[in-house]
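Structure at a glance
If you want the building blocks of each chain, they are given just below.
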Amino acid sequence: MTLESNPYIPDIADIHLARARIDDWTRITPVLNDPALDRQLECRLFCKCENLQRTGSFKFRGASNAIRKLREDGIEGNVATHSSGNHCAALALAASLDERKAHVVMPENSVPMKVESVRRNGGVVHFCRPTHEGREEELKKLVEGGNIPVHPYDSADIIAGQGTASIELFQEIPSLDLVITPLGGGGLISGTAIAAETYGIGVFAVEPAGAADTVASLEQGFRVDTWQPDTIADGLRAIVGARNFEVIQKRVTRVFTVSDDDIRRS
């Protein structure tokens, strides 16, 4: 997908602006703690329940900010993106709320429930080969047809929108020592790391061992741009974005990997 001409990385002010911009569309999700889990892990764990966000994930935050920013900048037109499902559903709803249409590219082996979620929220699904190249090729056709590209993670507006979840978390639980987020393309970890730096909180990320392109990129010192993922975590199969990787290099303490067996046990 074509990146923004200026690879700007948002700052904490952009995240606060995003929060104000999307306040009437998004939910403030609950933060839950379980004493039994605390005892098992020998720490206090607080979970930010973004599964209760509209469309079922934090992705609605970034998508809403991207759509609202288009409206703010006076840019009309339908939008296009690619995703395994969560970003697609989020963009479909955000576009619908702004009276636009979202055209979304999804791998032909996408989870049927996620495909239905996109359609239910008003999006038009275009299937592609289940590879990063397949997604990019199909998306290119949609953009050439006049649709505005909205990258699922390598975008300043998306990163700022995803960062609003951590702002809510830090304000509700100000005593946090560190925060851990899943890592796929890097939108959530980027926004979280930018916000956490302001609050003096350490940041760690976790990606599946079968989709450990970010770990490989960190080890080699440059972003790996080809990877064949093999993991049950279908929402974490994306290759980390360019500006996301830059944020991770500078602001994330460490990226861990977990096996699919560990994911199942958890």
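Everything in this summary refers to the structure shown in the same document. (Residues numbered from 1 in each chain as written. Predicted model: local features only at pLDDT ≥ 70, side-chain atom pairs only at ≥ 80, totals over all residues. Heavy atoms only, no water.)

1. A closer look at the side chain of Arg135
Short version of the rule: Numbering goes from the N terminus for both helices and strands, where a helix is a DSSP run of H or I of at least four residues and a strand is a run of E of at least two. In what follows, a contact means two residues having at least one pair of non-hydrogen atoms within 4.5 Å.
For Arg135, the position within the fold is in helix H6 (residues 132-144). Dropping the residues within four chain positions of it, Arg135 is found in contact with His82, Ser83, Ser84, Val105, Pro107, Cys128 and Arg129.

2. What to know about the sheet that holds strand E4 (residues 102-107)
We apply this condition: Here the rule is simple: two strands pair whenever DSSP picks up at least two bridges between them.
Here four strands make up an open sheet; going across it, the order is E5-E4-E3-E6 and the pairing parallel. On the outer flanks of this sheet lie strand E5 (124-128) and strand E6 (148-149), each paired with one strand and no other. Where strand E3 (residues 79-82) meets E6, two bridges bridge the pair, whose relative direction is parallel. Following the sheet pairing, Val79 is matched in E6 by Ile148.

3. Some remarks on the packing of helix H7 (residues 156-172) against helix H8 (residues 187-199)
Our working definition: Working convention: axes come from line fits to C-alpha atoms, limited for helices to the stretch in contact. Angles between N-to-C directions cover 0 to 180 degrees. Just so you know how the angles are binned, under 35 degrees is roughly parallel, over 145 roughly antiparallel, 65 to 115 roughly perpendicular, and the rest oblique. In this scheme, a crossing is called left-handed if the near helix is turned counterclockwise away from the far one by less than a right angle; it is called right-handed if the turn is clockwise.
Two numbers describe how H7 lies on H8: the axes approach to 7 Å, and their chain directions differ by 45 degrees. The angle between the axes of H7 and H8 places the two elements in the oblique class. Viewed along their axes, H7 and H8 form a crossing whose handedness is right-handed. Across from Ile159, Gln162, Gly163, Ser166, Ile167, Phe170 and Gln171 in H7, the residues of H8 making contact are Gly187, Leu188, Ser190, Gly191, Thr192, Ile194, Ala195, Ala196 and Tyr199.

4. Some thoughts on the environment of Thr29
Looking at where Thr29 falls in the secondary structure, it is placed in the loop between helix H1 (12-22) and strand E1 (31-32). Thr29 sits 22 residues away from Asn51 along the chain, and the two C-alpha atoms are 8.4 Å apart. Filtering out sequence-adjacent residues up to four positions away, Thr29 remains in contact with Lys48, Cys49, Glu50, Leu52, Gln53, Arg61 and Glu168.

5. Some remarks on the pattern of salt bridges
Selection criterion: Salt bridge, as used here: a side-chain nitrogen of Lys or Arg that lies within 4 Å of a carboxyl oxygen of Asp or Glu. Each residue is assigned to one of three classes by its accessible area relative to the maximum for its type, calculated with a 1.4 Å probe on protein chains only: buried under 20%, partly exposed between the two thresholds, exposed over 50%.
What the rule picks out here adds up to 16 salt bridges. Here Arg21 makes a salt bridge to Glu72, at a shortest N to O gap of 2.9 Å. In this pair, Arg21 is assigned in helix H1 and Glu72 in helix H3 (residues 59-72), connecting sequence segments 51 residues apart. The exposure class of Arg21 is buried, given its relative accessible area of 15%. Glu76 is the partner of Arg71 in a salt bridge, and the nearest nitrogen-oxygen pair spans 2.7 Å.

6. So, the packing of H1 against H8
Going by this rule: Residue classes follow a fixed rule: Ala, Val, Leu, Ile, Met, Phe, Trp, Tyr, Cys and Pro count as nonpolar, while Asp, Glu, Lys and Arg count as charged, and any other residue, Gly among them, counts as polar.
Taken N-terminus to C-terminus, the directions of H1 and H8 make an angle of 110 degrees; their axes are 9 Å apart at the nearest point. In terms of orientation, H1 and H8 fall into the roughly perpendicular class. Where H1 crosses over H8, the two elements pack in a sense that is left-handed. Here Ile12, Ile15 and His16 of H1 lie close against H8, whose contacting residues are Gly191, Ile194, Ala195, Thr198 and Tyr199. Class assignment of the residues belonging to the contact of H1 with H8 gives a composition of five nonpolar, three polar and no charged.

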